[in-house]
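Each chain, written out:
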Amino acid sequence: MSLAVQIRQHGGPEELHIVDVAVGEPGPGEIRIRHHAIGLNFIDVYHRTGLYPLGMPAGIGMEAAGVVEAVGEGVTHLKVGDRAAYASQPPGSYCEQRVMPARCVCRLPDAISFETGAAMMLKGLTAQYLLKKTLPVQGLQAGDHVLFHAAAGGVGLIATQWARALGLSLIATAGSDAKCQLALANGAAHAINYNTEDFAARVKEITAGQGVKVVYDSVGKDTWDKSLDCLRPFGLMASFGNASGPVPPFAPGALGAKGSLYVTRQTLFTHIATRESTQAMADDLFSVVASGQVVIHIDQRYPLAQVQQAHRDLEARKTTGSTILTL
């Protein structure tokens, strides 16, 4: 048996229940893993509220790190006793142990702790595909300006450091002066408090009226329109989240009027659809973390029993960096 967090209906944090569940043996292509630490992400809120609906009852959580306890038929990249970490479908990482598909589970280098592994897989792989794969038509070169919303969050603090390592001039936005200072301390070239400043006007000022090549936006509804105004001609609006709510419908003709812009809606799980792509992205992430160019900031830790409070704090934007659930 394993303690696990389960939701029986979509709703608020009060719908997160800790229950005992039976954990069996892995089938073909599966492993059983015992977790040492679990990552908390905003997609978990989307699953809980029903923005991304789940069949009920449902497990929740998308990333964790631990030790492989059993390996099913056909799994060759992992063995019993391996330290491992993952960001993976289906949801269900909020638990002590689980049986799950092995495809997106990666061996965790000895130099990276379980807590760091749990805190960085989903967020770090997201930063990887954004900065390395989600690129404007003209590409990104050292010195180019990019705009990154919610830059003091888990993905943001990884992306600011990684962008600095790539030579990019990242303009960060955040919801408080303290969060702006955090983004600056982690590699942002500029930081804008979007609660006290017009971020579109500041971006134009910083870029001498040219705008940025790409906007990376996980906020959604509240930042969408002004973000389009921040882009230079042929710029890319890269949406990868909806923290303030889904982006409402918009007229494609506006993209032409604003400079023949491009728009994309990205999701990590397209990028890690195969074992090969998952491992290549993870190797890139492991390398940049092991080099010290990117430090994973774990700013909050909650025991699994306090998962409801963890969700309340995440939704209230009281968190910075990465958050983990401990066992």
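Counting restarts for each chain: residues are numbered from 1 in the order of the written sequence. Residue-level local features of this predicted model are given only where pLDDT is at least 70; pairs of side-chain atoms are given and counted only at 80 or more, and the full residue set underlies all totals for whole chains, interfaces and linings. Note that water and hydrogens are dropped before the side-chain values are worked out from all heavy atoms of the structure.

Visitor: With reference to specific residues and values, describe the side chain of Thr278.
Guide: Counting from the N terminus, the helices are DSSP H or I runs at least four residues long and the strands are E runs at least two residues long. Within the secondary structure layout, Thr278 lies in helix α9 (residues 275–290). Ignoring sequence-local partners within four residues, the contact set of Thr278 consists of Arg103, Cys104, Cys106 and Ile272. Any two residues having at least one pair of non-hydrogen atoms within 4.5 Å are treated as being in contact.

Visitor: Account for the packing of aromatic side chains, naming residues and giving values.
Guide: Side-chain rings of Phe, Tyr and Trp (the six-membered ring for Trp) are treated as a pair once their centres are within 6.5 Å; stacked means planes under 30 degrees apart, edge-to-face means over 60, and tilted covers the remaining angles. The tally for this structure, following the rule as stated, stands at five aromatic pairs. Note on Trp224 and Phe250: the rings are 5.4 Å apart at their centroids and 45 degrees apart in plane angle, and the pair reads as tilted. Of this pair, Trp224 sits in helix α6 (residues 224–229) while Phe250 is found in the loop between β13 (231–239) and α7 (253–257), placing the two residues 26 residues apart along the sequence. By relative accessible area, which is 35% here, Phe250 ends up partly exposed. Ring pairs connect the aromatic residues Phe42, Tyr46 and Tyr52, which therefore count as one cluster. Lysine NZ or arginine CZ positioned within 6 Å of the ring centre and within 35 degrees of the ring normal marks a charge as sitting over the ring. Above the plane of the ring of Phe114 lies Arg83, whose end atom (NZ or CZ) is 4.5 Å from the centre. The classification of residues rests on relative accessible area computed with a 1.4 Å probe and restricted to protein chains. Under 20% of the type maximum is buried, over 50% is exposed, and intermediate values are partly exposed.

Visitor: A description of a nonpolar patch on the surface should follow, citing residues and the corresponding values.
Guide: Judged by side-chain polarity, Val137, Phe234 and Tyr262 come together as a nonpolar surface patch covering roughly 300 Å² of accessible area. Mapped onto the fold, Phe234 is located in strand β13. Judged by its relative accessible area of 40%, Phe234 is partly exposed. The patches described consist of residues with a relative accessible area above 30% and no salt bridge, like charges being joined within 9 Å and nonpolar side chains (Val, Leu, Ile, Met, Phe, Trp, Tyr) within 5 Å. All accessible-area figures derive from a Shrake-Rupley calculation using a 1.4 Å probe, and residue coverage is judged against the displayed protein chains alone. Salt bridge, as applied in this entry: a Lys or Arg side-chain nitrogen positioned within 4 Å of an Asp or Glu carboxyl oxygen.

Visitor: Mind laying out the nonpolar core, listing which residues take part and the relevant values?
Guide: To define a nonpolar core, start from buried Ala, Val, Leu, Ile, Met, Phe, Trp, Tyr and Cys residues and group those joined through side-chain atoms within 4.5 Å. Grouped together as the largest cluster of nonpolar side chains are 56 residues, with contacts concentrated most on Met121, Leu125 and Tyr216. Here this core gets eleven residues from one element, more than from any other, and that element is helix α2 (residues 114–133). Ranked by size, the runner-up nonpolar core spans 27 residues in total, among them Ile38, Ala58, Ala84 and Tyr302.

Visitor: Outline the environment of Ile43, listing residues and values.
Guide: Tracing the backbone shows Ile43 in helix α1 (residues 42–49). A sequence separation of ten residues divides Ile43 from Ile33, and the C-alpha atoms of the two residues are 22 Å apart. The residues contacting Ile43, other than those within four sequence positions of it, are Tyr52, Met62, Leu122 and Phe269.

Visitor: Outline the layout of surface pockets, listing residues and values.
Guide: Two kinds of site are reported from a 1 Å grid over the protein atoms alone, namely cavities, where a 1.4 Å probe fits but cannot get out, and pockets, open sets with protein on both sides within 12 Å along at least five of seven lines, and residues are called lining when an atom falls within 4 Å of a point. Grid points are joined across faces, edges and corners, and a volume is the space filled by probe spheres set on the points. The volume enclosed by the largest pocket comes to roughly 850 Å³. The wall of the largest pocket is formed by 42 residues, among which Phe42, Val155, Ser218, Phe240 and Ala243 lie closest to the centre. At the level of elements, α1, α2, α3 (154–165), α8 (268–271) and β16 (322–326) are the ones that each hand at least two residues to the lining of the largest pocket. Residue composition of the lining of the largest pocket, grouped by class: 20 nonpolar, 18 polar and four charged. Ala4, Val5, Gln6, Val21, Val23, Gly59, Pro91, Gly92, Cys95, Gln97, Arg98 and Val99 together form the lining of the second largest pocket. Among the elements of the structure, β1 (2–7) and β7 (97–101) are those that each provide at least two residues to the lining of the second largest pocket. Ten residues, namely Ala, Val, Leu, Ile, Met, Phe, Trp, Tyr, Cys and Pro, are considered nonpolar, four, namely Asp, Glu, Lys and Arg, are considered charged, and the remaining ones, Gly among them, are considered polar.

Visitor: Go over empty space enclosed by the protein, please, and point to the residues and values.
Guide: Scanning all chains against the criterion turns up one cavity of 30 Å³ or more. Size it by volume and the largest cavity reaches roughly 30 Å³. Along its surface, the largest cavity is lined by Gly154, Leu157, Ile158, Gln161, Val295, Ile296, His297, Gly321 and Ser322. Tallying contributions element by element places α3 first for the lining of the largest cavity, with four residues. Residues belonging to the lining of the largest cavity are distributed by class as follows: four nonpolar, five polar and no charged.

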